Amino acid sequence: MADGAIAARFRLAYPGFALDVDLELPGRGVTALFGPSGSGKTTALRCMAGLARAPDGLLKIGGDVWQDEARGVFVPTHRRALGMVFQDASLFSHLTVKGNLDYGMTRARVTAAEAGRDAICEMLDIAALAQRWPDTLSGGERQRVAIARALLTRPQLLLMDEPLASLDVARRLDVLPYLERLRDELDIPIIYVSHAPEEVTRIADEAVVLDRGHVVARGAPLDVLPSASRLVEGGRFGVVNALKARVVAVDDAYGVTRLAHPAGEILIAARLTTQREARVVMRATDVALAMSEPRDTSVRTILRGRIEKIDASESALAFVTLTLIGGDRLVSAITRLALDELRLTVGADVFALVKSVALDERGL
Amino acid sequence: MPTSEDFAAIWLTLKLATIVTCLLLLIGAPLAWWLARTRSWLKGPLGAVVALPLVLPPTVLGFYLLLTMGPHGPLGRLTAFLGVAPLPFTFAGLVVASLFYSLPFVVQPIQNAFEAMGDRPLEAAATLRASPLDAFFTVALPLARPGLVTAAILGFAHTVGEFGVVLMIGGAIPDKTRVVSVLIYDQVESMNYERAHWLAGGMLLFSFCVLLALYGRRRNGRYG
């Protein structure tokens, strides 16, 4: 087991549900536990936190053993150096934001300086909220305070249970960039539970797919999500691609920006006047495929690549993964009917027509 | 006009209610906590025992308490063993009886508050390194504050208003066990309606104010 890595083995049965997972997780980066509701992802997370107890469970993190029932070891939650962010933030309503932040920090016997309180508050943009009461915060602010509260205990492991699920779409986009910053700036492992493929693609380094209590797939988000997204309702619309491209020209008259990518020009309906590079996202369902370069289409972003993988089950939509010129991957969701009628096969050269390109809020 | 006899009864009543309320909060909070969180089969039976005074005639409660505290009852033997005076017809006996009599009025609001907050605040506290005891005092109790205030008001008011149990256990010894409700009964028995009016009217006003405070608080929301 690599240094700081996590070994987790939980078997747990409730009436009508059984969890059976045996995982080795990396000691840093974001690992997403993805699956539909009832897949056991939250239960697995609760087992890691010690809030649920699998009768013959095992949990090792780094050199520490938090649970090893074979040897009678079960460290209670409050003695585990972990941070947890719940779906509903769960701030203490009888304490101010500062009171909430201090609650864990003092109990972990960490000083503000050791915890890096100022840096964390700045990273999550909550320094100005210190004297406010949780009731007066927006959903996004509450979630950011909850994340800071967890981090201030200097945890060895950060557990996040669908931290965006209770927020509306706009608030979700508010918090997402902070999560991405977290991933880039923290050197502790983060386990991120989600049923939203879009969050997983944007945040996670690796995705573990759970279904009915078992691990059914595991790998880079773009590799496993196309087929795994079928497990959740509307999930296929959440498979998103992210590409980095260089800003070439801003067309003020039309309000668009041209970006250069090795596979072709990307047009985005925004004026990117301040940056030289941009990260753009495109939904797999917004990417169409053509065998030859179409000349009379309104689509202005056409990228060239080769089919690397075809993921077709009995459902109406199939996912086609391309390797673009330049090496980036791009996933397209097309109907299985079109796949068969065009006789698309692995290795074929195709043109990807991207109907809609959005700017990734993260910036660079 | 109220006489010194009346004031003595009022003072005794307030003293009794204050002591009983404080003791009940100390006993009731842990008991409510246990009832709210346990999965033991004892939850049902114990909850029912706590609620018994709600439905029993005070005379039944008083009768059994009298037997328990009497020279042949377990509590009576204990007081004899400890060398203290038997509890019946003493102020201490009234306190013990009132603890049972007002218990549900204190336990139930606190239990409801604990149940309403659910497990989540305590789980959050545990992930922030708070031991269960620490979380009880720093998270559960503060969050249950509205329930605690309701419990204190109801416990106090209900103890002030008790009559049957007091009569059974305490009788009507001036300055020791003759609380307001008992004094009113005595006055009415002796046809001193005017004297009874002062006290009865005062009780009516007091009870109304207590309930007004209680329901006003509820309407005004969380902390009111």
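What you see is a predicted model, and the numbers here were worked out from it, not measured in a lab.

A.B. asks: Where do I start with the environment of I334 of chain A in this structure?
C.D. replies: All names here are of chain A. Inspection of the secondary structure puts I334 in strand β19 (residues 329-335). The exposure class assigned to I334 is buried, which follows from its relative accessible area of 9%. Separated by 47 residues in the primary sequence, I334 and V287 place their C-alpha atoms 8.0 Å from one another. Excluding anything up to four places from it in sequence, I334 contacts V287, L289, A316, L317, A318, V320, L339 and L344.

A.B. asks: Got a minute to help me understand unusual backbone geometry in this structure?
C.D. replies: Peptide bonds are, in most cases, trans, and in most cases residues other than glycine have a negative phi. Here the phi dihedral of S90 of chain A falls at roughly 50 degrees; this positive angle occurs in a residue that is not glycine. In this structure, S90 of chain A sits in the loop between β7 (82-85) and α2 (97-107). Of note, the phi angle at R129 of chain B is positive, near 75 degrees, even though the residue is not glycine. Examined against the element boundaries, R129 of chain B turns out to sit in the loop between α6 (120-127) and α7 (132-143).

A.B. asks: How should I be thinking about the interface of chain B and chain A in this particular structure?
C.D. replies: Put simply, an interface is often sized by how much accessible area is lost when its parts join up. In this complex, chain B contributes 20 residues to the contact, which on the side of chain A involves 24 residues. A combined buried area of about 1800 Å² lies between chain B and chain A, and 58% of that area is made up of carbon and sulfur atoms. With its nearest N and O atoms 2.6 Å apart, the salt bridge here joins D134 of chain B to R107 of chain A. Inspection of the region where chain B meets chain A yields 8 residue pairs in polar contact (both at pLDDT 80 or more). Listing elements by their share of the side of chain B that touches chain A, those giving two or more residues are α6 and α7 of chain B.

A.B. asks: Looking at this structure, how should I read helix α5 (residues 139-151) of chain A?
C.D. replies: Residues lying three or four places apart along an α-helix face the same way, a consequence of the helix completing one turn every 3.6 residues. Taking 1.5 Å of rise per residue, the 13 residues of α5 of chain A would be expected to cover 18 Å, and the 19 Å separating its terminal C-alpha atoms lies within 8% of that figure. Of all 13 residues in α5 of chain A, 11 are buried; the element is thus mostly enclosed. Buried within α5 of chain A we find G140, E141, Q143, R144, V145, A146, I147, A148, R149, A150 and L151 of chain A. For α5 of chain A, the elements touching its buried residues are β7, α2, α4 (117-123), β8 (157-161) and α6 (169-185) of chain A together with α6 of chain B.

A.B. asks: Where do I start with helix α1 (residues 4-37) of chain B in this structure?
C.D. replies: Between its first and last C-alpha, α1 of chain B extends 48 Å over 34 residues, near the 50 Å set by a 1.5 Å rise per residue. G28 of chain B marks the point of greatest bend in α1 of chain B, at about 30 degrees, and the proline P30 of chain B comes within the next four residues.

A.B. asks: Sorry, what's going on with the sheet that holds strand β17 (residues 301-312) of chain A here?
C.D. replies: Strand pairing in a sheet relies on backbone hydrogen bonds, with the paired strands running either antiparallel or parallel. Residues and elements named next belong to chain A. Strand order in the open sheet formed by 5 strands is β16-β20-β17-β18-β19, and the pairing between neighbours is antiparallel. Strands at the two margins of the open sheet, each flanked by one partner only, are β16 (287-290) and β19. Neighbouring strand axes in the sheet, compared pairwise and without regard to direction, differ in orientation by 45 degrees on average.

Rules behind the numbers
- Per chain, residue numbering runs from 1 following the sequence as it is written.
- Chain letters and ligand numbers both follow the written order, the letters beginning at A and the numbers at 1.
- It should be noted that, the model being predicted, local features are given only for residues of pLDDT at least 70 and side-chain atom pairs only at 80 or more, the latter also being counted only at that level, while totals for whole chains, interfaces and linings use all residues.
- Only hydrogens and water are set aside; all other atoms, that is, all heavy atoms of the structure, feed into the side-chain values.
- Strands are runs of DSSP state E lasting at least two residues, helices are runs of H or I lasting at least four, and both sets are numbered from the N terminus onward.
- Exposure categories follow from relative accessible area, calculated using a 1.4 Å probe and restricted to protein chains: below 20% of the type maximum is buried, above 50% is exposed, and the middle band is partly exposed.
- Note on contacts: a residue pair qualifies if any of its non-hydrogen atoms lie within 4.5 Å across the two residues.
- Buried area: the accessible area, evaluated with a 1.4 Å probe, that two parts lose upon being put together, summed over both parts.
- By definition here, a salt bridge exists when the distance from a side-chain nitrogen of Lys or Arg to a carboxyl oxygen of Asp or Glu is within 4 Å.
- Any pair of N or O atoms that falls within 3.5 Å is considered a polar contact. Within protein, one atom must be able to donate a hydrogen and the other to accept it, and sequence-neighbouring residues count only if both atoms are side-chain atoms.
- By this rule, a helix spans an expected 1.5 Å times one less than how many residues it contains.
- Note that bend, as reported per residue, equals the angle between axes fitted to the 7 residues terminating at that residue and the 7 residues originating from it.
- Any two strands with at least two DSSP bridges between them are considered paired.
- Inter-axis angles, ranging from 0 to 180 degrees, are taken between N-to-C directions of lines fitted to C-alpha atoms, where helices are fitted over the stretch in contact.

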